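# Structural description and commentary
This is what each chain is made of:
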Amino acid sequence: MAKYESTERLGKAERDVVTLGIAVAAIILFVATSGSVLPQAIRSILGSGRGPDVILVNALLLNIALIIFGWRRYRELTDEIHERRKAEEVARRLAETDPLTGCLNRRSMARATEQLRNACLDRGEAIAFVMIDLDNFKQVNDMNGHSVGDRVLSEISERLRNRLPKDAILARLGGDEFAYVVPFVPNRMELIDQQVASLFDTVGATINLNGAIVDTTMSIGIATDGDGRSDECEMLDAETLMHHADIAMYQAKKQGKNRYFWFEPTMENELRFRNELERGIRRGLETGEFVPYYEQQIDLASGDLVGFEMLARWHSPELGLVNPEIFIPVAEEIGVIGTLSEQLMARAFQDARQWDAELTLSVNISPVQLRDPWFSQKLLKLLVKHNFPPHRLEIEITESCLHENIEMVRSMISSLRNQGVRVSLDDFGTGYSSLEQLRSLPFDRLKIDKSFISELRNADASSKIVDAIISLGNGLQMPVTAEGIEDEKILEALKSMGQLKGQGYFYGRPEDASQVKERLRKAGKLTDQPPTVPATSSSEKSGGIGETTARQANRF
Ligand code: C2E
Ligand code: MG
Ligand code: MG
């Protein structure tokens, strides 16, 4: 709008009617007066006649002055217009381009895409909109500083510019996100495949900035208005194309980064479902939709119940009862896993206070929570608040935690054990923990993953892996739990292999708090503890945690 107004003003300046009128009138008057004044003046100079009328001479001189004035005004105006045109050009360029890389910015990219799309529609060509997002670029900034980050972005844009065909339009959409749009023959999508595939080696190659070595990878999403099966192009506007490319890029990120995907309509449904999940999880946290279920843990030799593993369930009003494998990864990604876990533990501590004091409670902890340096203090505070004795609690962590900062994990485990909480390694055998880690990390227990236990269902009821893990546990003096015991055959096989604890569907499916309470009531294993015990100083004193520990925890 502003640009339109200023162009209009410039146009008016160019057609400055007043100046033009004065100049034209001056010229006409000059022609008219000089026609009579000049011959008279010449005759008078030659001495053959009277001098010209003084008024006419004055009028002529005034005319000359007006013509000079008009001409100067005209020069000034054209200079001014020229300057303003230049300034406007600079302002337009600044508004349309990214100052760091000189590429188009997001706003002008939409317009440029629209223009290219219209031109291509006329020519019967399709366009591909390619969205490029650098992977883990935040780390580049964090590790090397923002000035190196900026230079990396400039280098990437330069490499892209050199690699792309002449008719491609390149933009930096913001942060570490680039995009280009390029025409192609509608049913030759493989050409775009080749072009994009080549970018991973060329654009993503190592960048050396005076000793700072930066390796970047990219996740790429592509959308097109040609479907690749026919010569026809769909009518997709620039905004839709950008949105589709964005969804495909997100898919590339989700599938492990450093790859590309073409947009497919199913991706949009997936994304919508995921957004609904995200919203549902946030709302569910506020309305208390997440509840603990419990799976029995048994001493295999005696058949006695020794405790329960708490397993999260989501009572979603839209989706019904949802399993943790669906919502835990999303809760981790959107940063609410800590809150979710604390809510569940709080409920579980209250439930478990009603159980026989001999029964233990195991809870699963996400690797994301272990990255929180305050995790053990938060846990301690929760134990104090619900007056739950730490020695009844077992934390289960998976092997994937051991990829993280191993020293941090070590100090976390030590700190938990110092409070009296036990720590076990869950799903053992499915990850990559080294024997060295196993020897040096102070775990209290190994849990053999159910995928190995199920091998015991084979005709000879043997599994070399299960055998090996039990021997390893014996060697390291770590007790072992077998999970996924589904039938008697597996149970008998395990019993013959050593002193184990076990759990699985053979003993029943995970149950909610009231079902567990009923089970324990029948077995005479309920205590008289009230369900909710608010943290008061007197209950802290009477609980299993010492006063010093309670004071420490209350600082957080
Ligand atoms: P996990 O800790 O290894 O839990 C055992 C899983 O195996 C549970 O699945 C359980 O229902 C299932 N299971 C138990 N017995 C059998 C059996 O005999 N056969 C078979 N095929 N499966 C059996 P669930 O409840 O779906 O939990 C899946 C995973 O989700 C858990 O694996 C755990 O890693 C994670 N999880 C559960 N609750 C939480 C939580 O509160 N926080 C975190 N971070 N993760 C959780
Ligand atoms: Mg577990
Ligand atoms: Mg497990």
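Remember, predicted model here, so these are calculated numbers, not experimental data.

## Here we look at the packing of aromatic side chains
According to the stated counting rule, one finds nine aromatic pairs in the structure shown. Relative to Phe308, the ring of Tyr294 lies with its centre 6.3 Å away and its plane at 75°, an arrangement referred to as edge-to-face. Here Tyr294 is found in strand S8 (residues 290-299), whereas its partner Phe308 is found in strand S9 (residues 305-316), with 14 residues between them in sequence. Neither Tyr294 nor Phe308 differs from the other in exposure class; each is buried. With a centroid separation of 5.0 Å and 85° between ring planes, the pair formed by Tyr294 and Trp355 is classed as edge-to-face. Of this pair, Tyr294 sits in strand S8 while Trp355 sits in the loop between helix H11 (337-352) and strand S11 (360-364), and the two are 61 residues apart along the sequence. Both residues of the pair, Tyr294 and Trp355, belong to the buried class. Counting every residue linked through ring pairs, the aromatic cluster contains Phe290, Trp314 and Phe327. Against the face of Tyr505 rests Arg509, its NZ or CZ located 3.6 Å from the ring centre.

## Overview of the coordination of the magnesium ion (ligand 2)
Donor atoms from the polypeptide that bind the magnesium ion (ligand 2) are Glu309 (OE), Asn364 (OD1), Glu396 (OE) and Asp426 (OD), placed at 2.0 to 2.2 Å. Sequence positions of the residues that donate to the magnesium ion (ligand 2) give the spacing E-x54-N-x31-E-x29-D. A spacing of 3.9 Å is found between the magnesium ion (ligand 2) and the magnesium ion (ligand 3), which share Asp426 as a donor. Of this pair, Glu396 sits in strand S12 (residues 393-398) while Asp426 sits in strand S13 (residues 422-428), and the two are 30 residues apart along the sequence.

## Comments concerning the nonpolar core
With 73 residues, the main nonpolar core has Trp355, Leu361, Leu393, Ile395, Ile397, Phe443 and Leu494 as its most contacted residues. When residues of this core are assigned to their parent elements, the largest contribution, seven residues, is made by H11. If sequence neighbours within four positions are ignored, Trp355 has contacts with Tyr294, Phe308, Thr360, Leu361, Arg392, Val516, Leu520, Lys525, Leu526 and Thr527. In terms of nonpolar packing, the next biggest core, distinct from the first, is built from 34 residues, Leu134, Val152, Leu160 and Met189 among them.

## Details of the confidence of the model for the chain
Residue-level pLDDT values for the chain average 87, and 90% of them are 70 or greater. This model gives residues 1-5 a pLDDT under 50, and the stretch forms one contact once residues within four places in sequence are excluded. Contacts for the low-pLDDT stretch residues 534-556, under 50 throughout, to residues beyond four places or in other chains number 31 contacts.

## A few points about the layout of surface pockets
By volume, the largest pocket amounts to about 1100 Å³. Lining of the largest pocket is provided by 39 residues; of these, Glu309, Leu311, Pro324, Glu325 and Asn364 occupy positions nearest its centre. For the lining of the largest pocket, the secondary-structure elements that each account for two or more residues are S8, S9, helix H10 (324-333), H11, S11, helix H12 (367-370), S12 and S13. Residues belonging to the lining of the largest pocket are distributed by class as follows: 17 nonpolar, 10 polar and 12 charged.

## A look at the packing of helix H6 (residues 146-163) against helix H7 (residues 189-202)
Direction vectors running N to C along H6 and H7 enclose 140°, while the axes themselves pass 11 Å from each other. Comparing their axes, H7 and H6 come out oblique. Both H6 and H7 take part in a crossing whose hand is right-handed. Taking contact as the criterion, the partners of Arg159, Leu160 and Arg163 in H6 are, on H7, Ser198, Leu199 and Thr202. Residue classes in the contact of H6 with H7 are distributed as two nonpolar, two polar and two charged.

## Remarks on the sheet that holds strand S1 (residues 126-134)
Strand pairing in a sheet takes place through backbone hydrogen bonds and is either antiparallel or parallel in direction. The five strands lie next to each other as S2-S3-S1-S6-S7, forming an open sheet whose pairing is mixed. Two strands bound the open sheet, and with one partner strand each, they are strand S2 (169-174) and strand S7 (260-262). Each adjacent strand pair in this sheet contributes to an overall mean axis angle of 20°, direction not counted. Strand direction decides the pairing type here: S2 and strand S3 (residues 177-184), joined by five bridges, are antiparallel. When the bridges of S3 are listed, Leu170 appears paired with Tyr180.

## Notes on helix H13 (residues 375-385)
Buried within H13 are the following residues: Phe375, Ser376, Leu379, Leu380, Leu382, Leu383 and Val384. One or two positions beyond H13, positive phi appears at Asn387, with a value near 55°.

## Considerations on the coordination of the magnesium ion (ligand 3)
Bound to the magnesium ion (ligand 3) on the protein side are Asp426 (OD), Asp427 (OD), Glu483 (OE) and Glu483 (OE), at distances that span 2.0 to 2.5 Å. On the basis of relative accessibility, which here comes to 4%, the residue Asp426 falls in the buried class.

## As for the site of ligand 1
Among the 23 residues in the neighbourhood of ligand 1, the closest are listed as Arg313, Asn364, Asp426, Glu486 and Tyr505. In this structure, an oxygen atom belonging to ligand 1 sits 2.8 Å away from a side-chain N or O atom of Arg313. Starting from 800 Å² of accessible surface for ligand 1 in isolation, the protein chains cover 87%. The cavity that encloses ligand 1 is the largest pocket. Of all the secondary structure elements, the ones that give two or more residues to the shell around ligand 1 are S9, H10 and S13.

## Section: the pattern of salt bridges
This model, assessed by the stated rule, comprises 32 salt bridges. For Asp135, the salt bridge goes to Lys253, with nearest N and O atoms at 2.8 Å. In this pair, Asp135 sits in the loop between S1 and helix H5 (137-144) while Lys253 sits in helix H8 (residues 238-254), placing the two residues 118 residues apart along the sequence. For Asp135, a relative accessible area of 3% puts it in the buried group. For Glu407, the salt bridge goes to Arg410, with nearest N and O atoms at 3.2 Å. Residue Glu407 and its partner Arg410 are both found in helix H14 (residues 406-418); the two are separated by three residues, about one turn of the helix. Among the residues examined, Arg410 registers a relative accessible area of 25% and is labelled partly exposed. Via salt bridges that share partners, Glu89, Arg92, Glu96 and Arg111 belong to a single interconnected network.

About the cut-offs
Residues numbered from 1 in each chain as written. Chains lettered and ligands numbered in written order. Predicted model: local features only at pLDDT ≥ 70, side-chain atom pairs only at ≥ 80, totals over all residues. Heavy atoms only, no water. Phe/Tyr/Trp six-rings, centres within 6.5 Å; stacked < 30°, edge-to-face > 60°. Helix = DSSP H or I, 4+ residues; strand = E, 2+ residues; numbered from the N terminus. Buried < 20%, exposed > 50% of the residue type's maximum accessible area, 1.4 Å probe, protein only. Lys NZ or Arg CZ within 6 Å of the ring centre and 35° of its normal. Donors = N, O, S within 2.8 Å, 3.2 Å for Na, K, Ca; no water. Core = buried A, V, L, I, M, F, W, Y, C linked by side-chain atoms within 4.5 Å. Contact = heavy atoms within 4.5 Å. pLDDT = per-residue confidence, 0-100. 1 Å grid on protein atoms, 1.4 Å probe; cavity = no way out; pocket = protein on both sides within 12 Å on 5 of 7 lines; lining within 4 Å. Points joined across faces, edges and corners; volume = space filled by probe spheres on them. Nonpolar A, V, L, I, M, F, W, Y, C, P; charged D, E, K, R; others polar. Axes fitted to C-alpha atoms, helices over the stretch in contact; angles between N-to-C directions. Parallel < 35°, antiparallel > 145°, perpendicular 65-115°, else oblique. Left-handed = near helix turned anticlockwise from the far one by under 90°. Pairing = 2+ DSSP bridges. Near = heavy atom within 4 Å. Polar contact = N/O pair within 3.5 Å; in protein donor to acceptor, adjacent residues only side chain to side chain. Areas by Shrake-Rupley, 256 points an atom, 1.4 Å probe, with all protein chains shown as cover. Sits in = over half its atoms within 2 Å of the grid points. Salt bridge = Lys/Arg side-chain N within 4 Å of Asp/Glu carboxyl O.

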